[in-house]
Amino acid sequence: MKTVVVLALLSLVSVEGWLFNEDAEWNDLKVTWGLNQLFSSTVFDSLPRTESDALAEGWYDFSRGAKCEDSFYRGNRYIRDVDPAVMLLFDKNGYIAGIQMGVRKADLPAHLPSDNMKHMWNDDIDMYVITAYFVNPATICTGRSEALFTLAGTGDGLHIQNGPNPETDFELIPRDEADIGATLWTQGECFYTMGQHYWYNVTKDMSCDDFYPVFLLYNSGRLNGFGWNINVYLDSPRYEHPTTDVLDMFFKVIPDCFYDNTDPRGATTQHIYLDSAPSFNFC
Ligand SMILES: *[C@@H]1O[C@H](CO)[C@@H](O)[C@H](O)[C@H]1NC(C)=O
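If you're wondering where the values come from, they're calculated on a predicted model, not measured in any experiment.

(A) How the structure looks around the state of the cysteines. Summed over the entire model, instances satisfying the criterion amount to three disulfides. In this model, Cys190 is linked to Cys283 through a disulfide, with the two sulfur atoms separated by 1.9 Å. Around the S-S axis, the bridge from Cys190 to Cys283 shows a dihedral of about 90° and counts as right-handed. On the criterion of sequence distance, the pair formed by Cys190 in strand E11 (residues 185-191) and Cys283 in the segment after strand E15 (268-273) is long-range, its members being 93 residues apart. Taking relative accessible area as the criterion, Cys283 reaches 26% and is therefore assigned partly exposed. With its sulfur 2.0 Å from that of its partner, Cys208 forms a disulfide with Cys257. Here the S-S torsion is close to 85°, and the disulfide linking Cys208 with Cys257 is therefore right-handed. Here Cys208, found in the loop between strand E12 (195-200) and strand E13 (214-219), pairs with Cys257, found in the loop between strand E14 (222-230) and E15; they are 49 residues apart in sequence, far enough to count as distant. Accessibility expressed as a relative area gives 11% for Cys257, which makes it buried.

Listed below in structure tokens is the structure:
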């Protein structure tokens, strides 16, 4: 039944041409939260979702010689301004397939990433890299059609990679907030322009070695964003730097260990939005 509906929609797309990518629920890909949207080019910055747009906007291939399927990730990788804080993954046909954050080993203290979270970070020569896909990673080296990109937009599911094999080591995140109750994801606070945060398996007396580097954002009961975090100050215009005095805006339960980070510049987070209007994220 579902296949019939999808096929019917696809034929309408190609025959009638009335469906637009902007109509998809995930109709954009923006990174970095900030207050100063009007005056900062990096706040809610819309990233290219096709390889041709990426090239036109100054992104360049950073696949490090690996073919689409010849690495710990899937897709052709692009970077801009020599800044691995955002790396984009495109499928074989040039449609957006995923995103990575790379952290240079030289910028990390010896205890990060912790042994308990090492499975989330793949070793990439001089960097540790964390990866999310917007489509099933096993399909990326076949690629999407224009009709599928139009229909689903940025993608049809958030897959967080949690091991070295991109095709089998991932967690598919529930699209509906109602479905997350059965998991270890725990509700944090709602912050306007961000959304309803969820943190993984967070308790007051936990060790920060167990702090998961991913958080989720739901609005109106639907997944429309997520983000990365690492408990050390890292420098990039793509990062936000929350300090310990604002943690209660994001967490219902704040792990005590967060206060061990006494760097006045804060820790490092990056919000990633899958639709075009984060200003209207009222949870
Ligand atoms: C949840 O966190 C506790 C420690 O706070 C840890 O012992 C346990 O292994 C974690 N569970 C999972 C599934 O990560």
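Having seen the model, we can carry on.
(B) Looking closely at the nonpolar core. Core analysis: the biggest nonpolar cluster contains 45 residues, and Leu88, Ile99, Leu158, Ile160, Leu216, Phe226 and Trp228 have the highest contact counts within it. When sequence neighbours within four positions are dropped, the list of residues in contact with Leu88 reads Leu29, Leu47, Pro48, Trp59, Asn76, Arg77, Tyr78, Ile96, Gly98 and Ile99. Judged by nonpolar contacts, the second largest core, of 19 residues, contains Phe191, Met194, Phe250 and Tyr273.

(C) Quick peek at the sheet that holds E11. The seven strands lie next to each other as E2-E1-E15-E14-E13-E12-E11, forming an open sheet whose pairing is antiparallel. Because the sheet does not close on itself, it has two edges, and the strands there are strand E2 (45-46) and E11. Of the pairings in the sheet, the one linking strand E1 (residues 30-31) to E2 comprises two bridges and is antiparallel in character. Within the sheet, the bridge partner assigned to Lys30 lies in E2 and is Ser46.

(D) Local environment of a nonpolar patch on the surface. A cluster of nonpolar side chains, contributed by Tyr192, Phe280 and Phe282, occupies part of the molecular surface with about 400 Å² of accessible area. Topologically, Tyr192 is positioned in the loop between E11 and E12.

(E) Representation of the pattern of salt bridges in the model. Enumeration over the complete set of coordinates arrives at 15 salt bridges. Arg80 is the salt-bridge partner of Asp45, the closest N and O atoms lying 4.0 Å from each other. Residue Asp45 is located in strand E2, and its partner Arg80 is located in strand E4 (residues 76-80); the two are separated by 35 residues in the primary sequence. Residue Asp81 pairs with Arg80 through a salt bridge whose shortest N-O separation is 3.7 Å. The network of salt bridges with shared partners includes Glu25, Arg175, Asp176 and Arg222.

Conventions adopted
- Residues numbered from 1 in each chain as written.
- Predicted model: local features only at pLDDT ≥ 70, side-chain atom pairs only at ≥ 80, totals over all residues.
- Heavy atoms only, no water.
- Disulfide = S-S within 2.5 Å.
- Helix = DSSP H or I, 4+ residues; strand = E, 2+ residues; numbered from the N terminus.
- Buried < 20%, exposed > 50% of the residue type's maximum accessible area, 1.4 Å probe, protein only.
- Core = buried A, V, L, I, M, F, W, Y, C linked by side-chain atoms within 4.5 Å.
- Contact = heavy atoms within 4.5 Å.
- Pairing = 2+ DSSP bridges.
- Patch = residues over 30% accessible without salt bridge, like charges linked within 9 Å, V, L, I, M, F, W, Y side chains within 5 Å.
- Areas by Shrake-Rupley, 256 points an atom, 1.4 Å probe, with all protein chains shown as cover.
- Salt bridge = Lys/Arg side-chain N within 4 Å of Asp/Glu carboxyl O.

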